[in-house]
Amino acid sequence: MGPLHQNTSALEYEDGIVWTEDIERFDYVRQSVELSVSTRRRPVPWHGTGRRVGYAVLRADAPSGDVPGQFIRRVFWVKDHDRSEQPGGTYQQSAPSEAVDPRTVAPGEWGELTERAWGAPLSET
């Protein structure tokens, strides 16, 4: 898949996923990797657009990334124009490139784009 999936070190030491909102209300969430988080377990700060709705926590033995004291962590978020916020909007029958069905997210597992997340049947091509 995209560049996100090339960073397997983001998954290696995951211990859990913390959802800060009820995932049942989301057909999809956006999944991205933060490369320099100063904590293994506390909430991942979110400075991007939209709002954070979940994040991965790491095991106590998770090593730093390229910068000492900085950890690679996944974060899950939504934008104001995502389907959960605007059901009849831009993503009524599609999803952004970083979208995953939150029900497919688990520690050490990339989330997947499902028909539910896409909002329509997925094409075979």
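This section reports on the structure supplied with the text. (Residues numbered from 1 in each chain as written. Predicted model: local features only at pLDDT ≥ 70, side-chain atom pairs only at ≥ 80, totals over all residues. Heavy atoms only, no water.)

With that out of the way, let us pick up the overall build of the chain. The number of helices and strands found in the chain is 2 helices and 5 strands. Ordering the α and β elements of the chain from the N terminus gives α-β-β-β-β-β-α. Its C-alpha atoms give the chain a radius of gyration of 15 Å, near enough to 14 Å, the size a compact globule of 125 residues would have. When the backbone C-alpha atoms are referred to their principal axes, the chain occupies close to 45 × 30 × 20 Å. Here the chain holds 125 residues, and the buried ones make up 39% of them. Across the chain, the fraction of contacts at a sequence separation of at least 24, relative to all contacts at a separation of at least 6, is 70%. Approximately 6900 Å² of the chain is accessible, and the part contributed by carbon and sulfur atoms is 48%. Charged side chains in the chain number 14 positive and 19 negative. The centres of these two groups are separated by 6 Å. (Helix = DSSP H or I, 4+ residues; strand = E, 2+ residues; numbered from the N terminus. Rg over C-alpha atoms; globule rule 2.2 N^0.38 Å. Buried < 20%, exposed > 50% of the residue type's maximum accessible area, 1.4 Å probe, protein only. Contact = heavy atoms within 4.5 Å. Areas by Shrake-Rupley, 256 points an atom, 1.4 Å probe, with all protein chains shown as cover. Lys, Arg positive; Asp, Glu negative; His and termini not counted. Charge placed at Lys NZ, Arg CZ, Asp CG, Glu CD.)

Once that is clear, we can look at the packing of aromatic side chains. Enumeration over the complete set of coordinates arrives at 3 aromatic pairs. With centroids separated by 4.9 Å and ring planes inclined at 35 degrees, the aromatic side chains of Trp46 and Trp77 adopt a geometry described as tilted. One end of the pair, Trp46, is in the loop between strand 2 (29-37) and strand 3 (51-58); the other, Trp77, is in strand 4 (residues 71-78), and 31 residues separate them in sequence. Classification of Trp77 by relative accessible area gives buried; the value is 9%. (Phe/Tyr/Trp six-rings, centres within 6.5 Å; stacked < 30°, edge-to-face > 60°.)

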